[in-house]
Structure formats: C-alpha cells, structure tokens
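Report on the structure
Now for the letters of each chain:
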Amino acid sequence: MSTNWRELFPTKLTFVIFLLYMSLFIGQGIFVTASQESNNSYGYNTVTVVLLTEVFKLIVSTCLYCRDNNLRSLVRDVQKDRNVLGLYMVPAFLYCLYNNLAFVNLATFDPTTYYLLLQLRVVVTGILFQIIFKKYLSQRQWISLILLTLGCMMKQVDFGSFYSDANDDSESAAIQHQLQSHNKTTAAGTNAHGKNMSGFDFSLSAVFILAQTICSCLAGVYNEYLLKDKGADVNIFVQNVFMYLDSIVCNAVILLLRGELIDAFSPQNLGSIMRFSVLIIIVNNAAIGIVTSFFLKYMNSILKTFASALELLFTAVLCYFLFSIPIYMNTALAIAVVSYAIYLYTQSPVVNMGKVRPLSTLSDATTKSTDKRKLLDEEAAESDLDMV
C-alpha cells in the first residue's frame, strides 16, 4: 500500500500545522533544558512560568478572536456556551499537571529519553480514542501503534550485556566513562551530567513520567472530543479562551496549595523569569497550546502521538550538537523502529473529523458551523439553478 497523504492531511494548511506542532515541541524540550542550572535545577518558579504561559495564551486567543469580532461579542459567546466552559475544566486540569510535570521530568531525563518515554502514551491513546469516539482501529493501525511503543521501550535496553567489558560500547558504559571524564567535558555538555539517559529505573521519576503520560493521553483525547463534538459549533478561539481560563484557575490553585501564590509574583521571582532563556519558554509553550487546538480539531489525537514520535529524531540530533548528549545504540535502534511504525501508519491513517469540515484557510477556523451550513445551502441552491 502507498502512503495515503490525502487522509493524513486533508488540506495543505493541516500539513503546515503538523510541521509547526513538531517544531514547537522540539524547541520546548531544548529550551527548558537550556534554562536549567548546572545542577539540573531551575532558578525560577516553574509553576509561575506555566501560569504566565496560560495568561499569555489567553491574551493571544482573545486578540485573534477580536480580529473579526469585539470584546462584547466574546463575553456574549462565553456566557452562551458556559456549559462548554465547565467541560473544559477536565482537560485544563490534566494539561496543568502535564505542563508542571514536564519541568520536573526534564530535570531528571535528557530531552531524547524524555520524549522516548512519553511515547508510551501511544497505545493508551489508541484505547481511549476507540472508547470516546467509537471508531475502532484496524489491524494495521494497531500494529503501527504497538511497534511505536516497542520502539520506545528499546531505549531502556542495555546492549552492553551482550558484549564483554573490554568491548562494552553501551550507553551505560559510555555514561560511566563520561562521568569519569567530567573535568574534560565542555561547558555546553554540563547539562547532560546527572540526567537519567537509560529510561525507567523504578524510582519516583518513573512515577512522574507515567503520571505525565496518563495526563497527556486523557487530556488529548478529551480535548479532541470537546473540539469536534460538544463544542463543534463554538468558535475555536472561544474554545481556547475556555481552556486557558480554566488552566489559569488550576495553576493558581497549585500555587495556593504550595503557599506560593503571593510570593510567586514578588519582584525577585518575576525578575528571575524576565530572562530570554525563560521568556522563550513562555512564548513557545503558548504557541504550542494554540497550535495543538488546531491540530486536534482538524486532525486527531492518534496522528498527534505520531507527530510526537517524529520529534525524537530531531531532538536527538539537536541535543547532540547543543548539549553534547551522545546518540547511543539503543537510542538509534529505538528511533529506527519508531520511524518504521510511523511509515506503516501513513499507509492506513485514522480519519476522525467529527462534525468539523476540513480546514483550508485560517478564516475557516473562525467561522461558526451555522454560517458554514448557510454557505453550503447557498452553494446547493446555486447549483440547482444552474441545472435548470
């Protein structure tokens, strides 16, 4: 079978969204790693950064909505669809946990290992997708999902056990050699030290990465359900406003529970955030949130997991040049299997548009479905006249 590009990307704009989504996520892992101190900690309050990111997303979404409307219209739409606003509290809470756990896990894992372990969400997403949308995956689609998961698991295989100690060129042996040569390491490579580069080690870090994986699966599929079903008639920027309002509340609650709500916005803490290395995280993550809403509305969460898997290749190469984090045998094999799984999936992709029409231009995204139905009726009437 040949690759079915038309089903993967119904329009050229959806392909652009796909590429943009990958690029922004690759940048996020690298930007967060680059902002860390020499001991892999953060010199700023990460929850405050997530909260400010949600505020920035809210401002951008409001501005995009107001290009063709006004604030009074926005308030009216929010009041009219306030039941959808309540439904968005579920994915907002899950994304809140996901975004905060991202900082915790990137302090423990190097970016390549981090993205590989997150791919464990693929099969879980497939199961949730079938339950929520009642669209059952084909045998070929399940094989590609399972291969993708197995490829991610290869990251933690210690190939050094197949060699003698003298010829051990495995990742674990290389890491030991790297730590012994600490004084000879370049300054750019210091971020690799102290990082878990071999996968799960059955510690608290494994619990955190599993929690982030589950949050990602539930949030992604449920958000797609809201975008395509319950909120299909709601302007996408209004839906984003719902999401970010709820996310701001969730992050504020976390700061309150930690007793940091007031101190988080002190001049000292805000000063630590007002650096380029941190501001770029806020801007990039805000762009991720908005692009993800378009991705889930006009494509689907299954394709989203494959886009995340493609990030592995680019992340591994960029981290090699930026942070001197080597690409070992198990990482290379994992990426190879993941790449084949993606190729297999492209031959029989999932199609799930729900109540949404394919996106051709950005102006289509802001048009309500009621307006679209009127447009279709007018086109049908014109065609009937032509036939007469």
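As a reminder, the structure under discussion sits directly above these lines.
Residues numbered from 1 in each chain as written. Predicted model: local features only at pLDDT ≥ 70, side-chain atom pairs only at ≥ 80, totals over all residues. Heavy atoms only, no water.

**Considering the packing of helix H6 (residues 89–106) against helix H7 (residues 111–118)**
Taken N-terminus to C-terminus, the directions of H6 and H7 make an angle of 135°; their axes are 10 Å apart at the nearest point. If you check the angle between H6 and H7, you find them oblique. Seen from above, H6 lies across H7 with right-handed handedness. Contacts between H6 and H7 involve Tyr-98, Ala-102, Asn-105 and Leu-106 on the former and, on the latter, Pro-111, Tyr-114 and Leu-118. For the contact of H6 with H7, a count of residues per class yields six nonpolar, one polar and no charged. (Axes fitted to C-alpha atoms, helices over the stretch in contact; angles between N-to-C directions. Helix = DSSP H or I, 4+ residues; strand = E, 2+ residues; numbered from the N terminus. Parallel < 35°, antiparallel > 145°, perpendicular 65-115°, else oblique. Left-handed = near helix turned anticlockwise from the far one by under 90°. Contact = heavy atoms within 4.5 Å. Nonpolar A, V, L, I, M, F, W, Y, C, P; charged D, E, K, R; others polar.)

**Comments concerning H7**
An α-helical turn contains 3.6 residues, so a residue and the one three or four places further along point in the same direction. Of all eight residues that make up H7, eight are buried, and the element is covered over most of its length. Those residues of H7 that sit buried are Pro-111, Thr-112, Thr-113, Tyr-114, Tyr-115, Leu-116, Leu-117 and Leu-118. (Buried < 20%, exposed > 50% of the residue type's maximum accessible area, 1.4 Å probe, protein only.)

**Things to note about the nonpolar core**
Generally speaking, soluble globular proteins have nonpolar side chains that are buried together. Within the largest apolar cluster, 88 residues are counted, with the highest numbers of intra-cluster contacts made by Tyr-44, Val-49, Phe-103, Tyr-114, Leu-148, Phe-295 and Leu-303. A total of 10 residues in this core trace back to one element, the largest contributor, which is helix H14 (residues 276–298). Aside from chain neighbours lying at most four places away, what touches Val-49 is Tyr-44, Phe-103, Ile-273, Val-278, Ile-281 and Ile-282. The next biggest cluster of nonpolar side chains, apart from the first, holds five residues, and it includes Ile-26, Ile-30, Phe-323 and Ile-325. (Core = buried A, V, L, I, M, F, W, Y, C linked by side-chain atoms within 4.5 Å.)

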